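The residues making up each chain are set out below.
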Amino acid sequence: VFQPLLKKNTTDKDCFNFFNKIILNVDARTLVGVQNAKEYMGVGLDSAQILKLYKKFGNFRAIKGEASATLIEKEIKKYPKNLKVFNGRGGQEIVDNYLAGCSGIIPSLDGADIFIKIYKLLERKKIDEARKMYQKILPSIVFSMQSINSLICYGKRICAYRMGMKEVHDRSPGLLPTEFGKNLAKYHAENIGKF
């Protein structure tokens, strides 16, 4: 799954041209996907551009979206059935994404084990059970997904605490944690439970 190369003043057309060039350099037998995170990054592909890539490249068959379930459901209807759509956003709306037609999600690591359980419930059409499990993890998702910086700073802490790690190291220039934030991450990790 390729992510767009973003620079200052990148346009939707720049994203399309980037994917058009990079997919051309991939062996045609290798499955290719693109991340389309227009809602987060401010630029990305529209459905017409996605369909152009789909028609041009027989190996372009996956999209990693970063959109709401209501928006992704509308988009999925515009695509051929063999163009698999996954949605991200740290597990937000996992049940609704599945009901909207997504093939799955790209989970954040801090809750991956729970997302797998939810997905297995959804496959068995146990929607109510999946929603109950989602409700348990939702406060953690909301806490860590305030921004990409927050996910990197606090989401990784939730993951580390769930794994039993005591120390977490940060790199500049990222968001640095506060004591309050670390305590919240520990609370969410304890609420979800160990891996």
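Everything that follows concerns the structure shown earlier in this document.
Conventions and cut-offs
- Residues numbered from 1 in each chain as written.
- Predicted model: local features only at pLDDT ≥ 70, side-chain atom pairs only at ≥ 80, totals over all residues.
- Heavy atoms only, no water.
- Helix = DSSP H or I, 4+ residues; strand = E, 2+ residues; numbered from the N terminus.
- Expected span 1.5 Å × (residues − 1).
- Buried < 20%, exposed > 50% of the residue type's maximum accessible area, 1.4 Å probe, protein only.
- Arc of directions from axis to C-beta.
- Axes fitted to C-alpha atoms, helices over the stretch in contact; angles between N-to-C directions.
- Parallel < 35°, antiparallel > 145°, perpendicular 65-115°, else oblique.
- Left-handed = near helix turned anticlockwise from the far one by under 90°.
- Contact = heavy atoms within 4.5 Å.
- Nonpolar A, V, L, I, M, F, W, Y, C, P; charged D, E, K, R; others polar.
- Pairing = 2+ DSSP bridges.
- Salt bridge = Lys/Arg side-chain N within 4 Å of Asp/Glu carboxyl O.
- Core = buried A, V, L, I, M, F, W, Y, C linked by side-chain atoms within 4.5 Å.

Attention now moves to helix H1 (residues 12-24). Residues that lie three or four places apart on an α-helix share one face, since the helix turns once every 3.6 residues. Here H1 is 13 residues long and its end C-alpha atoms lie 19 Å apart, about the 18 Å a rise of 1.5 Å per residue gives. Among the residues of H1, those classed as buried are Cys 15, Phe 16, Phe 19, Asn 20 and Ile 23. One side of H1 holds all its buried residues, which, seen down the axis, span an arc of 130 degrees. Every exposed residue of H1 that faces more than 90 degrees away from the buried side is listed here: Lys 13, Lys 21 and Leu 24.

Here we come to the packing of helix H6 (residues 112-123) against helix H7 (residues 127-144). It is at 8 Å that the axes of H6 and H7 come closest, and there the two elements cross at 160 degrees. Taken as axis vectors, H6 and H7 run roughly antiparallel relative to one another. You can see that H6 and H7 cross each other, and the crossing is left-handed. Side by side, H6 and H7 meet where Ile 114, Phe 115, Lys 117, Ile 118, Leu 121 and Leu 122 of the first sit next to Ile 127, Glu 129, Ala 130, Met 133, Tyr 134, Ile 137 and Ile 141 of the second.

Here the focus is the packing of H1 against helix H3 (residues 47-56). The N-to-C vectors of H1 and H3 enclose an angle of 15 degrees; their axes lie 11 Å apart at closest approach. The orientation of H1 relative to H3 falls into the category roughly parallel. Judged by the twist between their axes, the crossing of H1 over H3 is right-handed. In this structure, H1 uses Asp 12, Lys 13, Phe 16, Phe 19 and Asn 20 to contact H3, whose residues at the interface are Gln 49, Lys 52, Leu 53 and Lys 56. Of the residues contributing to the contact of H1 with H3, the split by class is three nonpolar, two polar and four charged.

A word on H6. For H6, with twelve residues, the first-to-last C-alpha span of 16 Å sits near the 16 Å given by 1.5 Å per residue. Ala 112, Asp 113, Ile 114, Phe 115, Ile 118, Leu 121 and Leu 122 are the residues of H6 that are buried. As for H6, its buried residues are in contact with helix H5 (94-100), strand E4 (104-105), H7, helix H8 (148-162) and helix H9 (179-192).

By the alternation rule, side chains of strand E3 (residues 84-87) split into Val 85 and Asn 87, which are all buried, and Lys 84 and Phe 86, of which none is buried. Alignment of strand E2 (residues 60-65) against E3, held across four bridges, turns out to be parallel. The residue of E3 that forms the bridge with Lys 64 is Phe 86. Here E3 runs beside E4; their pairing, made up of two bridges, is parallel. Within the sheet, the bridge partner assigned to Asn 87 lies in E4 and is Ile 105.

Inspection of every chain in the model, using the stated rule, returns eleven salt bridges. The closest approach of N and O atoms between Glu 73 and Lys 77, which form a salt bridge, is 2.9 Å. On the accessibility criterion, Lys 77 (62% relative accessible area) is exposed. Salt bridges sharing partners connect three or more residues here, namely Lys 156, Arg 157 and Asp 170.

Next up on the list: the nonpolar core. Counting 22 residues, the largest nonpolar core has Ile 23, Leu 45, Ile 50, Leu 53, Phe 60, Ile 72 and Leu 83 as its most contacted members. Breaking this core down by element, the ones donating at least two residues are H1, strand E1 (32-36), H3, E2 and helix H4 (69-76). Element by element, the count of residues in this core is highest for H1, at four residues. Those residues in contact with Phe 60, other than ones at most four positions away along the chain, are Ile 23, Val 32, Gly 33, Val 34, Ile 50, Leu 53, Tyr 54 and Leu 83. Listed in part, the 21 residues of the second largest apolar core include Phe 143, Met 145, Tyr 154 and Ala 189.

Another point: the sheet that holds E2. Pairing within the open sheet is parallel, and its four strands lie in the order E1-E2-E3-E4. Each edge of the open sheet carries a strand with a single partner, namely E1 and E4. Both E1 and E2 contribute to a ladder of five bridges, which runs parallel. Within E2, the residue paired with Asn 36 across the bridge is Gly 65.

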